[in-house]
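What follows is each chain in one-letter form.
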Amino acid sequence: MKPVTCYIKERSLLARLAARYMGGNQIAMVIGKTIHLHGATREDFLSHKWWVRHEICHVMQYRELGLIPFLWKYLWECARVGYYANRFEVEARAAEHNSAIMERVVIV
Ligand SMILES: [Zn+2]
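Residues numbered from 1 in each chain as written. Predicted model: local features only at pLDDT ≥ 70, side-chain atom pairs only at ≥ 80, totals over all residues. Heavy atoms only, no water.

Taking an unreviewed UniProt entry as the reference, the chain is identified by name as DUF4157 domain-containing protein belonging to Chitinophaga pinensis.

So this is what it looks like as structure tokens:
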């Protein structure tokens, strides 16, 4: 299968708002194929393999479900069981140990 091209956006306003809402000064959040960063540079982010794998897992989740259905289901999970038990987060945490996930993407 053709690898998915992912993008990184530093100093993202969206990520800044999410950081304010969630509490925390370093945050990455994925919208579609773009990883939005706040409080971390591209280099900081890429130097943490587990972190990159986690966010790439979210890119795959978007790819599987589509943009709007993913966001809807993700927010619904958060409302229902909270952030930590959210099944998309459980899957992304498991992916932190899975180096094979990186074969499915190219980060530009
Ligand atoms: Zn996550």
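Read on, since the account is not over.
**Here we look at the nonpolar core**
What counts is decided by this rule: In this description, a nonpolar core means a group of buried Ala, Val, Leu, Ile, Met, Phe, Trp, Tyr and Cys residues linked to one another through side-chain atoms lying within 4.5 Å. We call a residue buried when its accessible area falls under 20% of the maximum for its residue type, exposed when it is over 50%, and partly exposed in between, using a 1.4 Å probe and counting protein chains only. Labels follow the DSSP assignment, with helices taken as runs of H or I lasting at least four residues and strands as runs of E lasting at least two, numbered in each case from the N terminus.
Judged by nonpolar contacts, the single largest core of 23 residues is most densely connected at Ile35, Phe45 and Ile56. Of all elements in the fold, only β1 (4-9), β2 (27-31), β3 (34-38), α3 (49-65), α4 (67-81) and α5 (87-95) reach the threshold of two or more residues within this core. Broken down by element, the residue count for this core peaks at seven residues, all from α3.

**What to know about the packing of aromatic side chains**
Basically, it comes down to this: Two rings belonging to Phe, Tyr or Trp (six-membered ring only in the last case) form a pair when the distance between their centres is within 6.5 Å. Interplanar angles under 30 degrees mark stacking, angles over 60 mark edge-to-face geometry, and anything in between is tilted. Placement of a positive charge over a ring is assigned whenever Lys NZ or Arg CZ falls within 6 Å of the ring centre and within 35 degrees of the normal to the ring plane.
Under the definition given, this model contains six aromatic pairs. Pairing Phe70 with Phe88 gives two aromatic rings, centres 5.0 Å apart and planes at 70°, and the pair type is edge-to-face. Of the two residues, Phe70 sits in helix α4 while Phe88 sits in helix α5, which places them 18 residues apart along the sequence. Among the aromatic residues, ring-to-ring pairing joins Tyr62, Phe70, Tyr74 and Phe88 into one connected group. Lying over the aromatic face of Tyr84, Arg93 brings its terminal NZ or CZ to 3.6 Å of the ring centre.

**Some remarks on the coordination of the zinc ion**
Operational definition: Nitrogen, oxygen and sulfur within 2.8 Å of a metal are treated as its donors, or within 3.2 Å for sodium, potassium and calcium (Na, K, Ca); water is not counted, so a site can appear incomplete. Square planar and octahedral assignments, for four and six donors respectively, both demand that opposite donors be over 155 degrees apart and that all other angles lie between 65 and 115; tetrahedral needs four donors with all angles between 85 and 135 degrees, and anything else is irregular.
Around the zinc ion, the donor atoms from the protein are His54 (NE2), His58 (NE2), Glu89 (OE) and Glu89 (OE), and they sit 2.0 to 2.5 Å away. Relative to the metal, the four donor atoms surrounding the zinc ion lie at angles of 55 to 148°, and the coordination shape comes out irregular.

**Thoughts on the packing of α3 against α4**
Heads up, the condition is: Angular values range over 0 to 180 degrees, each being the angle between N-to-C directions of two axes fitted as lines to C-alpha atoms, with helices fitted over their stretch in contact. Put simply, a crossing is left-handed when the front helix is turned counterclockwise from the back one by less than a right angle, and right-handed when it is turned clockwise. Here a residue-residue contact requires only that any non-hydrogen atoms of the pair lie within 4.5 Å. By the convention adopted, Pro, Cys, Tyr, Trp, Phe, Met, Ile, Leu, Val and Ala count as nonpolar, Lys, Arg, Asp and Glu as charged, and the other residues, Gly among them, as polar.
For the pair α3 and α4, the least separation of the axes is 6 Å and the interaxial angle reads 115°. Considering the relative orientation of α3 and α4, their crossing is right-handed. Contacts between α3 and α4 pair His58, Gln61, Tyr62 and Leu65 from the former with Leu67, Pro69, Phe70, Leu71, Lys73 and Tyr74 from the latter. Counted by class, the contact of α3 with α4 contains seven nonpolar, two polar and one charged residues.

**Focus on helix α1 (residues 13-22)**
As a reminder, the rule being used: Starting at the helix axis, one direction is taken to each C-beta atom, and the arc is that of these directions.
For α1, every residue scored as buried is listed here: Ala15, Ala18 and Ala19. On an axial view of α1, the arc spanned by its buried residues comes to 100°, and they lie on one face. Pointing more than 90 degrees away from the buried face of α1 are the exposed residues Leu13, Arg20 and Tyr21. Gly23 lies just past α1 and shows a positive phi near 80°.

**Side note on a positive patch on the surface**
Stated formally: Candidates for patches are residues over 30% relative accessible area with no salt bridge; among them, like charges are joined within 9 Å and nonpolar side chains (Val, Leu, Ile, Met, Phe, Trp, Tyr) within 5 Å. Where accessible areas are quoted, they stem from the Shrake-Rupley method and a 1.4 Å probe; at the residue level, only the protein chains shown are allowed to cover. Each reported salt bridge corresponds to a side-chain nitrogen of Lys or Arg within 4 Å of a carboxyl oxygen of Asp or Glu. Neither His nor the chain ends contribute to the count of charged residues, in which Lys and Arg are positive and Asp and Glu negative. Every charge is mapped onto a representative atom, which is NZ of Lys, CZ of Arg, CG of Asp or CD of Glu.
Taken together, the side chains of Lys2, Lys33, Arg63 and Arg104 make up a positively charged region of the molecular surface. Checked against the element boundaries, Lys2 lands in the segment before β1.

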